[in-house]
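Analysis of the macromolecular model
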Number of protein chains: 2
Amino acid sequence: MSNKIVVALGGNALGKNPKEQLELVKETAKPIVDLIQEGNNVIVAHGNGPQVGMINLAMPEMPFPECGAMSQGYIGYHLQNAIREEFSNRNMDIPVCTVITQVIVDKDDEAFNNPTKPIGAFYTEKEAKKLEEEKGYDMKEDAGRGYRRVVPSPMPTDIAEKETVKTLVDNGHVVITVGGGGIPVIEDNKSLIGVPAVIDKDFASEKIAEILDADYLIILTAVEKVAINFGMENEELLDTLNVDEAYKYIDEGHFAPGSMLPKVKAAIKFAESKQGRKSLITSLEKASDGIQGKTGTLIIK
Amino acid sequence: MSNKIVVALGGNALGKNPKEQLELVKETAKPIVDLIQEGNNVIVAHGNGPQVGMINLAMPEMPFPECGAMSQGYIGYHLQNAIREEFSNRNMDIPVCTVITQVIVDKDDEAFNNPTKPIGAFYTEKEAKKLEEEKGYDMKEDAGRGYRRVVPSPMPTDIAEKETVKTLVDNGHVVITVGGGGIPVIEDNKSLIGVPAVIDKDFASEKIAEILDADYLIILTAVEKVAINFGMENEELLDTLNVDEAYKYIDEGHFAPGSMLPKVKAAIKFAESKQGRKSLITSLEKASDGIQGKTGTLIIK
């Protein structure tokens, strides 16, 4: 059975430095190629937290959206080669590529009034004040470790390169896109303007999944199934979750902000977006089993 | 008249830092969009010297091919937006994108025995010796300014992402590809392995032009026409150059290595590759006039 699947890779799929990444992506490629070998049409999205952090630290004068563009090139290069190699190992011949992808956000998104995502280096209070004055950065104290710049995390409204991704997917290419949630841009008259922000990669993946009319959004993470009462005695792993239950569990505070919560929210959004669309949250290793209904947490309307 | 044209942008099209680049690409986009508005199918290639140098300086531990991948993301992001904006200004609606592109070189290319391209920072003789011992770098004295790492400049043999570029071009997308001459990779059994090298962007552009069966290779540079006896009293600007004349002028030493020589050689290679293919060397501003036969130096078989 052939499905169109957007796979959102978690941080554990990439590692924290170039050498580690080059090794890890070989493992990451296997479950992706499993899905493709089973006849599915796969689109690959990924995070970029450690990578864009590293670039931003090394190049403090480089604007943040440009750092994101660099991270897409760097990660895409490793990922596309690993997938290509895994195809070759299995005598499969399918083109794979990385599209530099801008994700459009609303300049009036309320997230711009409340920047929350810390990026880059730690500073003293004095240095932080200076950066606020000289560069207009928003600086916040970070868990007793010093001050860091914070940027907003607005919601994606559209994908600038959607026609390119569509064309490639329709022609059977494996496309790596919306890396790191995409380069965040706002529409300003006839221009797209890069803005310092971090778009959640699960929401960006959800957006491209909607645009491509995918059947599945698979969000890969460190755990095999979503849990309620996580880490407690009455912890319960969920096989299936309908959106009504999901909203209830969110209200009850079962999912950690910045961790499982955005994944569940993105999963709900996709399941609600059209009849028949399904989301799956599972681990990288279990992606193929998950799509066959053997494990993972399926989120349905 | 509609032609398929690969445009290779020179260093003057991009500038040396992010702010300058963001401004310059707006000017660069205009002649590109002129060609497209006249009905041509355009593929955009570009150099990355200052950009990859900057990234390599800021991140000395990052392998050089990865730095190249980053520069493709960074430059592509600016270029695709500038072209998009210029389309919008003219009420044209054509998708534009950047494909992270690996260019395959032969691991037995003799260039690997004679690295010539300086990259990154300057070092003292003592530091250079240490880098040679510890990292296996080739270090060479650079014009009295200190020691720099040198990498080979092998010839491109194939483009790893050619199917992706072809599919997009066939579907009318404007594709930015082989940025900086491409990420240099060698084929090793079933893998592509990144190698520290710099592929000449004019030769990489020539290669993709052949693969796409382009009609024209346009190499844009700082001058409107190729000259013989350049800078001398008997300087002569050339309107047309057939490959026999071109070889003669090369033998006579009319073209500077690392400057006009590789451009003329890439132009010859394309003109010789198939009946009817033409190369044009001119300035960015004159690209449209050149394709209409009004200026530039046309290289034909």
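By convention here, each chain's residues receive numbers from 1 onward along its written sequence. Here chains are named by letter from A upward and ligands by number from 1 upward, in the order in which they appear as written. Under the rules for a predicted model, residues below a pLDDT of 70 receive no local features and side-chain atom pairs below 80 are neither given nor counted, while totals for whole chains, interfaces and linings still include all residues. Note that water and hydrogens are dropped before the side-chain values are worked out from all heavy atoms of the structure.

Let us now look at the relation of the copies chain A and chain B. Between the two copies of this chain, the relationship is a rotation about some axis together with a displacement along it. Laying chain A over chain B is done by rotating through 180° and shifting 0.0 Å along the axis; what remains is an RMSD of 0.0 Å. The symmetry that links the two subunits is that of a two-fold axis. Nearest to the rotation axis, the C-alpha of methionine 70 of chain A is located 2.1 Å from it, this being the minimum over chain A. Here 100% of the contact residues of chain A are again contact residues in chain B; the copies associate through an equivalent surface. Least-squares superposition of the copies uses the C-alpha atoms of those residues scoring a pLDDT of at least 70 in each of them. Two residues form a contact once any of their heavy atoms are found within 4.5 Å.

Turning our eyes to something else, we now look at the environment of isoleucine 291 of chain A. Residue and element names in this part refer to chain A. Strands here are runs of E lasting at least two residues and helices are runs of H or I lasting at least four, both read from the DSSP assignment and numbered beginning at the N terminus. Here isoleucine 291 lies in helix α9 (residues 287-291). Only protein chains enter the accessibility calculation, which uses a 1.4 Å probe. A residue is then buried if its area is under 20% of the maximum for its type, exposed if over 50%, and partly exposed in between. What makes isoleucine 291 buried here is its relative accessible area of 15%. Distance from isoleucine 291 to leucine 35, taken between C-alpha atoms, is 8.3 Å for residues 256 residues apart in sequence. When near neighbours in sequence (up to four residues on either side) are disregarded, isoleucine 291 contacts Ile5, Leu35, Glu38, Tyr216, Ile218 and Leu280.

This next bit is on the sheet that holds strand β4 (residues 102-105) of chain A. Residue and element names in this part refer to chain A. Should DSSP find at least two bridges between two strands, the strands are taken to pair. If you walk across this open sheet you meet the four strands as β8-β4-β10-β11, and the pairing is mixed. Edge positions in the sheet fall to β8 (156-159) and β11 (191-194), since each of these pairs with one other strand and no more. Strand-to-strand, the axes of this sheet are offset by a mean angle of 45°, without reference to chain direction. Relative to β8, β4 runs antiparallel, the two being bridged by three bridges. All axes are obtained by fitting lines to C-alpha atoms, using only the stretch in contact for helices, and the reported angles, taken between N-to-C directions, cover 0 to 180 degrees.

Turning our eyes to something else, we now look at the interface of chain A and chain B. Opposite the 43 residues of chain A that make contact, chain B presents 43 residues. Buried area between chain A and chain B, both sides added, is near 3500 Å², and the carbon and sulfur share of it is 60%. Defined in terms of a 1.4 Å probe, buried area is the accessible area two parts forfeit on being brought together, summed over both. Of all residues in chain A, Tyr77, Arg84 and Lys190 of chain A bury the most surface against chain B, accounting for 18% of the area lost on that side. Any carboxyl oxygen of Asp or Glu that lies within 4 Å of a side-chain nitrogen of Lys or Arg is treated as forming a salt bridge with it. Put simply, chain A and chain B have zero salt bridges between them. At the level of elements, α2 (49-58), α3 (64-89), β3 (96-98), α5 (162-170), β10 (183-188) and β11 of chain A are the ones that each hand at least two residues to the side of chain A that touches chain B. It is α3 of chain A that provides the largest number of residues to the side of chain A that touches chain B, a total of 14 residues. Each residue is assigned to one of three groups, with Ala, Val, Leu, Ile, Met, Phe, Trp, Tyr, Cys and Pro labelled nonpolar, Asp, Glu, Lys and Arg labelled charged, and all others, Gly among them, labelled polar. Of the residues that constitute the side of chain A that touches chain B, the class distribution is 22 nonpolar, 15 polar and six charged.

With that settled, the discussion passes to the sheet that holds strand β9 (residues 174-176) of chain B. Residue and element names in this part refer to chain B. An order of β3-β9-β2-β1-β12-β16-β17-β15 is seen for the eight strands of this open sheet, with the pairing classed as mixed. Taken across any chain shown, the strands that pair with only one partner, and hence form the sheet edges, are β3 (96-98) and β15 (240-242). Neighbour to neighbour, the strand axes of the sheet diverge by 20° on average, direction disregarded. When strand β1 (residues 4-9) meets strand β12 (residues 216-221), the two strands line up parallel, connected through four bridges. Opposite isoleucine 5, over in β12, you have tyrosine 216 as the bridge partner. Strands in contact with helix α3 (residues 64-89) are β1, β2 (41-46), β3 and β9; relative to β3, the strand with the most contacts, it is inclined by about 175°. Contacting β15 and β17 (297-300), helix α7 (residues 243-251) crosses the sheet at an angle of about 85° to β15.

Close reading of the predicted structure is inappropriate where its pLDDT is low. Averaged over every residue, the pLDDT of chain A is 96; residues scoring 70 or more account for 100%. Scored as a whole, the predicted complex attains pTM 0.97, and scored at its interfaces, ipTM 0.96. The predictor attaches a confidence to each residue, called pLDDT, with possible values from 0 through 100.

Turning next to the nonpolar core. Of all hydrophobic cores here, the largest spans 90 residues; its most connected members are Phe255, Val264 and Ile281 of chain A together with Phe255, Val264 and Ile281 of chain B. Other than its neighbours up to four places away in sequence, isoleucine 281 of chain A contacts Ile219, Thr221, Glu224, Lys225, Val226, Met260, Lys263, Val264, Ala267, Gly296, Thr297 and Ile299 of chain A. With 80 residues, the next largest nonpolar core counts Leu35 and Val198 of chain A together with Leu14 and Val151 of chain B among its residues. As used in this record, nonpolar core signifies buried Ala, Val, Leu, Ile, Met, Phe, Trp, Tyr and Cys residues forming a set joined through side-chain atoms within 4.5 Å.

Our focus in this paragraph is the packing of helix α7 (residues 243-251) of chain A against helix α8 (residues 260-273) of chain A. Residue and element names in this part refer to chain A. At a closest axis distance of 10 Å, the pairing of α7 and α8 adopts a crossing angle of 155°. As far as their axial angle goes, α8 and α7 are roughly antiparallel. Here the hand of the crossing between α7 and α8 comes out left-handed. Contacts from Val243, Ala246, Tyr247 and Ile250 in α7 reach Leu261, Val264, Lys265, Ile268, Ala271 and Glu272 in α8. Every angle not falling under 35 degrees, over 145, or within 65 to 115 is termed oblique; those three ranges are roughly parallel, roughly antiparallel and roughly perpendicular. With the far helix as reference, a near helix turned anticlockwise by less than a right angle produces a left-handed crossing, and one turned clockwise produces a right-handed crossing.

Residue and element names in this part refer to chain B. The buried count for strand β7 (residues 147-151) comes to four of five residues, which makes it a mostly enclosed element. Both strand β6 (residues 138-141) and β7 contribute to a ladder of four bridges, which runs antiparallel. In the strand pairing of β7, aspartate 138 is matched with valine 150. The turn joining β6 and β7, which pair antiparallel and follow one another in sequence, is formed by five residues; a positive phi near 50° is taken by alanine 143.

Turning our attention to unusual backbone geometry. Residues and elements named next belong to chain A. Its identity as a non-glycine residue notwithstanding, valine 178 has a phi of 40°, on the positive side. You can see valine 178 is positioned in the loop between β9 (174-176) and β10. For valine 178, a relative accessible area of 0% corresponds to the buried category. Phi at asparagine 189 is positive, roughly 55°, even though this residue is not glycine. In this fold, asparagine 189 is placed in the loop between β10 and β11. Judged by relative accessible area, which is 76%, asparagine 189 ranks as exposed.

Looking now at the packing of aromatic side chains. Classification of ring pairs rests on two measures: the distance between centres of Phe, Tyr or Trp rings, Trp counted by its six-membered ring, which must be within 6.5 Å, and the angle between planes, read as stacked under 30 degrees, edge-to-face over 60 and tilted in between. Applying the stated criterion across every chain, the model contains zero aromatic pairs over all chains. If you follow arginine 149 of chain A out to its NZ or CZ, it ends over the ring of tyrosine 137 of chain A, 3.7 Å from the centre. A ring has a charge above it when a Lys NZ or an Arg CZ is no more than 6 Å from the ring centre and no more than 35 degrees off the ring normal. Lying across the ring of phenylalanine 122 of chain B, arginine 148 of chain B places its NZ or CZ 4.7 Å from the centre.

On to a negative patch on the surface. Residues and elements named next belong to chain A. Like charges within 9 Å and nonpolar side chains (Val, Leu, Ile, Met, Phe, Trp, Tyr) within 5 Å are joined into patches, using only residues over 30% in relative accessible area that form no salt bridge. All accessible areas in this document rest on Shrake-Rupley with a 1.4 Å probe, and a residue is counted as covered only by the protein chains that are shown. His is not counted here, nor are the chain ends, while Lys and Arg score as positive and Asp and Glu score as negative. Charged groups are reduced to one reference atom each: NZ for lysine, CZ for arginine, CG for aspartic acid, CD for glutamic acid. Taken together, the side chains of Glu132, Glu133, Glu134 and Asp138 present a region of like negative charge at the surface. The biggest single contributor to the negative patch is helix α4 (residues 125-135), with three residues. Its location among the elements puts glutamate 134 in helix α4. Judged by its relative accessible area of 58%, glutamate 134 falls in the exposed class.

Let us now look at the pattern of salt bridges. All names here are of chain A. On inspection of all chains with the given rule, the structure shows 36 salt bridges over all chains. For the salt bridge of aspartate 108 with lysine 107, the shortest nitrogen-to-oxygen distance reads 3.9 Å. Notably, a salt bridge pairs aspartate 202 with lysine 201, separated by 2.9 Å at the nearest N-O pair. The two residues aspartate 202 and lysine 201 agree in class, both being buried. Residues joined in a network through salt bridges with shared partners are Asp34, Glu86 and Arg90.

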